[in-house]
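Each chain, letter by letter, is given below.
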Amino acid sequence: MSAEYLAAHARSLLDPETFWAEAAAGIIWTRRWDRVLDDSQPPFYRWFTGGVLNTCYNAVDRHVERGRGRQTALIYDSPVTGTVRSYTFAELQHHVSTLAGVLAAQDLHKGDRVLIYMPGVPEAVFGMLACARLGLVHSVVFGGFASKELATRIDDAKPRVILTASCGIEAARVIAYKPLLDAAIDLAEHVPERCIVFQRPQCQAALTPGRDLDWATALRDAVPAGCVPVEATDPLYIHYTSGTTGIPKGVVRDNGGHAVALKWAMEHVYSVGPGEVFWAASDIGWTVGHGFIVYGPLLHGATTILYEGKPVGTPDAGAFWRVCEQHGVNVLFTAPTAFRAIKREDPTGEQLTRFNLSRLRLLFLAGERCDPDTLNWAAERLGIPALDHWWQTELGWPALANCAGIGLQPVKPGSPTRAVPGYDIRVLDDEGHELGPDATGNIVIRLPLPPGTLPTLWHDDAGYEKAYLRRFPGYYLTGDAGYRDVDGYFYVMSRIDDIINVAGHRLSTGGLEEVLASHPDVAECAVIGHVDALKGEVPIGFVVLKAGVNRAEPEIAAELVERVRNTIGAFACFKTALVVAGLPKTRSGKILRGTMKKMADGDHFTMPATIEDASVLSAVGERLQAWERNGS
Ligand code: COA
Ligand code: AMP
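Note that the coordinates shown come from a computational prediction; the quantities given were computed from them, not determined experimentally.

Peer 1: How should the overall build of the chain be read in this particular structure?
Peer 2: When helices and strands are tallied, the chain shows 18 helices and 31 strands. Relative to the 2.2 N^0.38 estimate, which gives 26 Å for 632 residues, the radius of gyration of the chain is 24 Å and therefore close to what a compact globule would have. A principal-axis box enclosing the C-alpha atoms of the chain has dimensions of 70 × 60 × 55 Å. The buried share among the 632 residues of the chain stands at 61%. When contacts within the chain are restricted to residue pairs at least 6 apart in sequence, long-range pairs at least 24 apart make up 70% of them.

Peer 1: Explain the domain arrangement of the chain here, please?
Peer 2: One frequently used descriptor of interface size is the decrease in accessible area upon assembly of the parts. Here the chain is partitioned into domain 1 (3-309 + 389-482) and domain 2 (503-629). Of note, the centres of domain 1 and domain 2, computed from C-alpha atoms alone, are 34 Å apart. Every contact between the two is made by 18 residues of domain 1 and, on the other side, 14 residues of domain 2. Taken together, both faces of the contact between domain 1 and domain 2 bury some 1,100 Å²; the carbon and sulfur share is 50%. Counting across the interface, domain 1 meets domain 2 through one salt bridge. Ionic pairing is found between glutamate 394 and arginine 506, a salt bridge with its closest N-O pair at 2.7 Å. At the junction of domain 1 and domain 2, the tally comes to four residue pairs in polar contact (both at pLDDT 80 or more). Looking at which element gives the most residues to the side of domain 1 that touches domain 2, the answer is helix H6 (residues 147-157), with three residues. Here the residues of the side of domain 1 that touches domain 2 are counted per class, giving four nonpolar, ten polar and four charged.

Peer 1: Where do I start with the pairing of strand E11 (residues 194-198) in this structure?
Peer 2: Walk down a regular strand and you will see the side chains alternate between the two sheet faces. The element E11 is largely enclosed, with a buried count of four among its five residues. Summarising the sheet, strand E8 (residues 161-165) and E11 pair through five bridges and their orientation is parallel. By the bridge assignment, valine 161 is partnered in E11 with arginine 194. Across three bridges, the pairing between E11 and strand E12 (residues 212-214) is parallel. Within the sheet, the bridge partner assigned to cysteine 195 lies in E12 and is aspartate 212.

Peer 1: Before we go on, may I ask you to explain the sheet that holds strand E20 (residues 386-388) in this structure?
Peer 2: By way of backbone hydrogen bonds, the strands of a sheet pair with one another, either parallel or antiparallel. Ordered by their spatial adjacency, seven strands build an open sheet running E5-E4-E17-E16-E18-E19-E20, and the pairing between neighbours is mixed. Each of the sheet's edge strands pairs with one partner strand only, and the pair in question is strand E5 (83-88) and E20. Neighbouring strand axes in the sheet, compared pairwise and without regard to direction, differ in orientation by 20 degrees on average. Relative to E20, strand E19 (residues 362-365) is paired through three bridges, and the arrangement is parallel. What sits directly across from phenylalanine 364, in E20, is leucine 387. Against the sheet, helix H11 (residues 319-327) touches strand E4 (72-78), E5, strand E16 (277-280), strand E17 (303-307) and strand E18 (331-334), its axis set at about 150 degrees to E17.

Peer 1: Would you explain the sheet that holds strand E25 (residues 475-484) in this entry?
Peer 2: The antiparallel open sheet is built from four strands, whose spatial order is E23-E24-E25-E26. The open sheet has two edge strands, strand E23 (425-428) and strand E26 (490-495), and neither has a second partner. Averaged over all adjacent pairs, the angle separating strand axes in this sheet is 50 degrees, with direction ignored. Sheet topology places E23 next to strand E24 (residues 441-446); four bridges connect them, and they run antiparallel.

Peer 1: So what exactly am I meant to see when it comes to helix H1 (residues 3-14) here?
Peer 2: Owing to its 3.6 residues per turn, the α-helix brings residues three or four apart onto one side. With twelve residues, H1 should reach 16 Å at 1.5 Å per residue; the first-to-last C-alpha distance of 16 Å fits that figure. Turning to H1, its buried residues are Tyr5, Ala8, His9 and Ser12. Down the axis, H1 shows its buried residues gathered within 95 degrees of arc, on one side only. Away from its buried face by more than 90 degrees, H1 exposes Ala3 and Leu14. If you follow the buried residues of H1, they end up packed against helix H2 (16-24) and strand E22 (418-419). Sitting at the amino-terminal end of H1 is serine 2, which places a side-chain oxygen 3.3 Å from the backbone nitrogen of glutamate 4.

Peer 1: It is not clear to me how the pattern of salt bridges should be interpreted in this structure. Could you clarify?
Peer 2: If charged atoms from side chains of opposite charge come close, those side chains can pair. A complete count under the given rule lists 37 salt bridges for this structure. Ionic pairing is found between aspartate 254 and arginine 46, a salt bridge with its closest N-O pair at 3.9 Å. Here aspartate 254 is found in strand E15 (residues 249-254), whereas its partner arginine 46 is found in strand E2 (residues 44-49), with 208 residues between them in sequence. Residue classification places aspartate 254 among the buried positions, given a relative accessible area of 3%. Of the residues examined, arginine 46 reaches a relative accessible area of 25% and is grouped as partly exposed. As a salt-bridge pair, lysine 597 and aspartate 601 come within 2.7 Å of each other at their nearest N and O atoms.

Peer 1: Is there a simple way to explain unusual backbone geometry in this structure?
Peer 2: The general pattern is negative phi for most residues beyond glycine and trans for most peptide bonds. Note the cis peptide between threonine 314 and proline 315, where omega equals 0 degrees. At the junction of leucine 447 and proline 448, the peptide bond is cis and its omega measures out at 0 degrees in the coordinates. By secondary structure assignment, the location of proline 448 is in the loop between E24 and helix H14 (461-469). With a phi close to 50 degrees, alanine 171 is a non-glycine residue in the positive phi region. The topology assignment puts alanine 171 in the loop between strand E9 (167-170) and strand E10 (173-176). Take alanine 171: its relative accessible area is 36%, and that puts it in the partly exposed class. For cysteine 573, which is not glycine, the phi torsion reads 55 degrees and is therefore positive. Look at cysteine 573 and you get buried, because its relative accessible area is 11%.

The rules behind these values
Residues numbered from 1 in each chain as written. Chains lettered and ligands numbered in written order. Predicted model: local features only at pLDDT ≥ 70, side-chain atom pairs only at ≥ 80, totals over all residues. Heavy atoms only, no water. Helix = DSSP H or I, 4+ residues; strand = E, 2+ residues; numbered from the N terminus. Rg over C-alpha atoms; globule rule 2.2 N^0.38 Å. Buried < 20%, exposed > 50% of the residue type's maximum accessible area, 1.4 Å probe, protein only. Contact = heavy atoms within 4.5 Å. Domains from an automatic or database assignment. Buried area = accessible area lost by both parts, 1.4 Å probe. Salt bridge = Lys/Arg side-chain N within 4 Å of Asp/Glu carboxyl O. Polar contact = N/O pair within 3.5 Å; in protein donor to acceptor, adjacent residues only side chain to side chain. Nonpolar A, V, L, I, M, F, W, Y, C, P; charged D, E, K, R; others polar. Pairing = 2+ DSSP bridges. Axes fitted to C-alpha atoms, helices over the stretch in contact; angles between N-to-C directions. Expected span 1.5 Å × (residues − 1). Arc of directions from axis to C-beta.

Here it is in structure tokens:
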């Protein structure tokens, strides 16, 4: 075990104020904080109260002022458009300050919200940083979300301005974003004043007169804007994530704690130095993209890569290795599902031998449980440490990891290793008693959470308490279940709620059920996550039709699939809806989703003693078997 890691972890818990004050020296402050940790209103904690800074200044301008102006800050690599473009820190400063000028001209002020619904193009990154520059609060919505989800986020964040692009590109398909955005604005109650539209050559968006502005035209007249100092505790962004219902939770990220934690993590977790190349192969619409495509690497003076492509099919399973060679990637971060996709197409790692990967020294995997086969395959083929690590949108940066910057620890496949400094992670039984080694229970984190984690939900302190803090007073409930071994390694095995993980994307089965239930022929329904060799899990829906509905099952199933694509988005991978006569329930009326999941996955299960009617469960089993045999 690394002594440096052990000492850092112990110190971070024994004396968090000194630990994080030292880390905060890596950030440039306009005004030093009054208190490192403000614990005057538990269970709400704030970091660096009284401190004043600007996140964009720390991510961009400071590097220009301190000799990194000519270093590459951002590389845009887009196999789907055949583009590779680099921006130095000085160029990034120019683009960001000019776009900030466009926003300032809209009379936006500190605290106003700007929603960003864009694909992985540099302009989206400029947009995020331009907001940070002016103290505006951005809310990036993943481009794969359909209008209804977008509308929900517009209504909650109430943006004055929306930044968008004419289209995204999914492998060979051009997906027009503007009609989706227009439909979302029609659905939403809140009316944004302005949409600024980045026109891509692949698709021209129609602009709504009086509301929409053309991005390029707006930039032409813009006067570059400077950085607006904000309180450390002011929000930098809101990022929505799936809860257990169809209503997403608006996770708030502040400026001060976030900047300190991310810069610290770049060095101590990812072991990346300023000037090195870090690639998080994710999407800016996910928290990984916020933290480790945009803010983390730039705050640290590293070069970051924005990749608009897939691990396979753009053009083949060698895509990641081409990017690593071409841009000299030192550390790569992606989801296990990406590796499963590569392994499926290139099981022997033939593609790897075509490229020089001598600069790649570490691989980090996160976003879903990493099966040991995938981890071992990656480590063996690449010949470098492959490190599973665990975190959540709410936390914003890794909580369990093999902290490469403070001494690599032995890798145990299946475990994201130990608690990162700052995190006091425990396993509790349902009564709140701490469990010893190897006993499975609720994974929780003792309060206070470290800097960079969510201080609350957007305009919803009560919702934050209810969802995360009430179940076990004094602890943050992660919603994950698992255990810790005798060496302090954690194993994150499953969720305790109705959340499923599809290709590293978090989805609420409750949200999916709401969509199915809205179909006029559906009386009731249940959605479960079914194990999938590529995506980890995919959702399957079981629906009971209303009395008197005699339509053919394939027709209804196709409508349900379409409904989910149009309401939530295609990325939910909802492809299977099975009509059943009834849903298995307990005598008190609770649907036995867990038993149905075990049945679907072929896992051992016992007939629940409380089941109302065992024949209903048997009928569901028969329907599943028929589906597995015939694929329908
Ligand atoms: N905009 C619009 N549509 C999108 C989208 C976006 N940003 N992202 C995904 N979709 C659509 C896809 O086009 C696809 O549509 P289809 O059903 O019409 O084909 C559907 O959503 C599923 O997409 P995806 O999950 O990308 O599956 P895939 O089968 O095309 O590719 C993988 C499989 C494994 C290559 C892919 O899931 C992947 O790269 N996963 C890694 C995800 C990741 O990095 N997660 C990290 C979060 S930390
Ligand atoms: P998200 O908020 O979308 O990043 O999803 C977070 C959830 O993904 C976690 O609560 C876990 O359920 C799951 N997850 C993320 N990383 C891992 C990992 N390394 N191992 C197991 N589960 C993970």
